[in-house]
Each structure stands twice: as structure tokens, then as C-alpha cells.
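Observations on chain architecture
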Amino acid sequence: KLPSYVKVTKKQITLPDGKPAWKVEGTFGPKAEPAAGGATIKFKTDWEDKDVQMTIIATITGPISVDPGSFIAFGKIRKGVGAEKRITFTPNGDFALKMTRVEFPKLTIDEKFISAVATQEGKALVVTVKIAPEVQGSILLRGSMLVHLDHPALKMVKFDFNGILR
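Residues numbered from 1 in each chain as written. Predicted model: local features only at pLDDT ≥ 70, side-chain atom pairs only at ≥ 80, totals over all residues. Heavy atoms only, no water.

1. Some thoughts on the overall build of the protein chain
Test applied: Note on conventions: DSSP H or I runs of at least 4 residues are helices, E runs of at least 2 residues are strands, and numbering of each starts at the N terminus. Radius of gyration here is computed from C-alpha atoms only, and the compact-globule reference equals 2.2 Å multiplied by the residue count raised to the power 0.38. Exposure is judged per residue with a 1.4 Å probe applied to protein chains only, and the accessible area is read against the type maximum: over 50% gives exposed, under 20% gives buried, and values in between give partly exposed. Here, residues are in contact when the closest pair of their heavy atoms is within 4.5 Å.
A tally of helices and strands in the protein chain yields zero helices and 12 strands. Listed N to C, the secondary structure of the protein chain is β-β-β-β-β-β-β-β-β-β-β-β in terms of helices and strands. Against the compact-globule benchmark of 15 Å for 166 residues, the protein chain has a radius of gyration of 25 Å, which places it well outside the compact range. By principal-axis analysis of the C-alpha atoms, the protein chain measures approximately 80 × 35 × 25 Å. Within the protein chain, buried positions represent 29% of all 166 residues. Restricting to contacts in the protein chain with at least 6 residues of sequence separation, those with at least 24 account for 55%.

2. Quick word on the sheet that holds strand β6 (residues 71-77)
Quick note on the threshold: Two strands make a pair as long as DSSP finds a minimum of two bridges between them. Note on geometry: axes are C-alpha line fits, over the in-contact stretch for helices, and angles between N-to-C directions span 0 to 180 degrees.
On the basis of which strands lie adjacent, the open sheet formed by four strands has the order β6-β12-β11-β8 and mixed pairing. The open sheet has two edge strands with one neighbour each: β6 and β8 (99-107). The sheet shows a mean angle of 20° between the axes of neighbouring strands, taken without regard to direction. Both β6 and strand β12 (residues 154-165) contribute to a ladder of six bridges, which runs parallel. Note that in β12 the partner of Ala-73 across the bridge is Asn-162.

3. Things to note about the environment of Asp-67
The topology assignment puts Asp-67 in strand β5 (residues 64-67). It is 5.2 Å that separates the C-alpha atoms of Asp-67 and Thr-88, two residues lying 21 residues apart in sequence. Leave out the neighbours within four places in its chain, and Asp-67 touches Arg-86, Ile-87 and Thr-88.

4. Topic: unusual backbone geometry
Of note, the amide linkage connecting Asp-67 to Pro-68 takes the cis form, showing an omega dihedral of 0°. Position of Pro-68 relative to the elements: it lies in the loop between β5 and β6. For Asp-49, which is not a glycine, the phi torsion comes out positive at approximately 55°. If you trace the backbone, Asp-49 turns up in the loop between β3 (38-44) and β4 (51-57). Relative accessible area serves as the criterion here: at 57%, Asp-49 is assigned to the exposed category.

5. Some details on the nonpolar core
The line we're drawing: Within this scheme, the nonpolar core is defined by two criteria: the residues are buried Ala, Val, Leu, Ile, Met, Phe, Trp, Tyr or Cys, and they are joined through side-chain atoms within 4.5 Å.
Of all hydrophobic cores here, the largest spans 27 residues; its most connected members are Phe-89 and Met-145. Put simply, the parts of the chain that give this core at least two residues each are β6, β7 (83-91), β9 (114-121), β10 (124-131), β11 (140-151) and β12. If we skip the residues at most four places from it in the chain, Phe-89 touches Ile-64, Ser-65, Val-66, Leu-97, Ala-124, Leu-125, Val-127, Val-147, Leu-149, Val-157 and Phe-159.

6. A look at the confidence of the model for the protein chain
Our working rule: Each residue carries a pLDDT score, the predictor's confidence in it, ranging from 0 to 100.
Chain-level pLDDT for the protein chain is 89 on average; 98% of the residues reach the 70-or-more range. Averaged over each element, pLDDT in the protein chain is lowest for β3 (81) and highest for β10 (97).

7. Points about the packing of aromatic side chains
What counts here: Put simply, two rings from Phe, Tyr or Trp (the six-membered ring, in Trp's case) pair if the centres are within 6.5 Å, and we call them stacked under 30 degrees between planes, edge-to-face over 60, tilted for the rest.
Applying the stated criterion across every chain, the model contains two aromatic pairs. Both rings, one in Phe-74 and one in Phe-161, keep their centres 5.9 Å apart while their planes meet at 85°; by these two values the pair is edge-to-face. Placement of the pair is Phe-74 in strand β6 and Phe-161 in strand β12, with a sequence separation of 87 residues. Seen in terms of ring centroids, Phe-89 and Phe-159 are 6.1 Å apart; in terms of plane orientation they differ by 85°. Their pairing is edge-to-face. A residue pair is termed long-range when its members are at least 10 positions apart, and Phe-89 in strand β7 and Phe-159 in strand β12 qualify at 70 residues. Overall, Phe-159 belongs to the buried group, its relative accessible area being 0%.

Here you go:
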């Protein structure tokens, strides 16, 4: 018996060479346990009473993929040049995503030297974080950024970041 979050349908088809075969389709989830990792489906065949076993390997993903994860490394930031990094939020479903606001609650530089701008690139929401060329402050730039989104399952994402001012 399959777990309730695994659904399978099968139908007999004819291959291009005229031989009969089975087409198997299915879904894994929703409401699968994150630790489940997959399932095994066992079919009885009409050939010498043999069994066919299929292993489904599944990874549970949230509604939004974020790249990079939760840390942004600016590396060397040249005074007079500045720096920028992109964060991509990709919906894993058929919905639009918007940034509602951004905060910088912890910074080792004045907040006037950092900004974040959101743009749409296809389905993805891209947030570009910029360190201004006029940046002043300690040699080690560190901070955190809170990106607020309009999605009920992921309302806010926190990023820590650092860089070296030269």
C-alpha cells in the first residue's frame, strides 16, 4: 500500500515498434513528510509472474527557491567603486512574487551607503544589493538585511553579509 501522499496512475500504451507497454504517472505530495525522501512502487507483471519495482526519490521544496542562501559575500569592496550582489527568488509554482520592503537592522556602515532594488526577470524576483562608491566606515563591512515578500508562506528572508573595504 502506498502512502496517502503518493498517487499513481497507469495505462497500457503501444510503443512505436508495435509492442505493448505501460505508462506510469504520478504525484508525490502535497503533505508528504519532509523526511520521507521518496517511495517504492511495486507492480505485478503478466510475464512469468515477475514483479517490477520503481523507486521514487523526492526532495521536498518550499514555495520559493532562494539563490544564494542566507549569506552574501561581497569580498573586496573598493572605495570609489562600490559593489553589488544579486539575490534571486524563484517561485516553485504559478504565482507572482513581490518585495514589499527591505530593512538593514544591523550595519557597520551608515545605511545611506547601502540599497536594495527589486526587479522582475521572468517568473523570478531579483533583488540587487548595492554598496555605494562613496562608502565610508570600518575596514570590515558587516550587516544583515531583511527582505519582506508578499507570499504567505515566506513573508521575510534574512541575509547576513560582509565585505572588506579597501
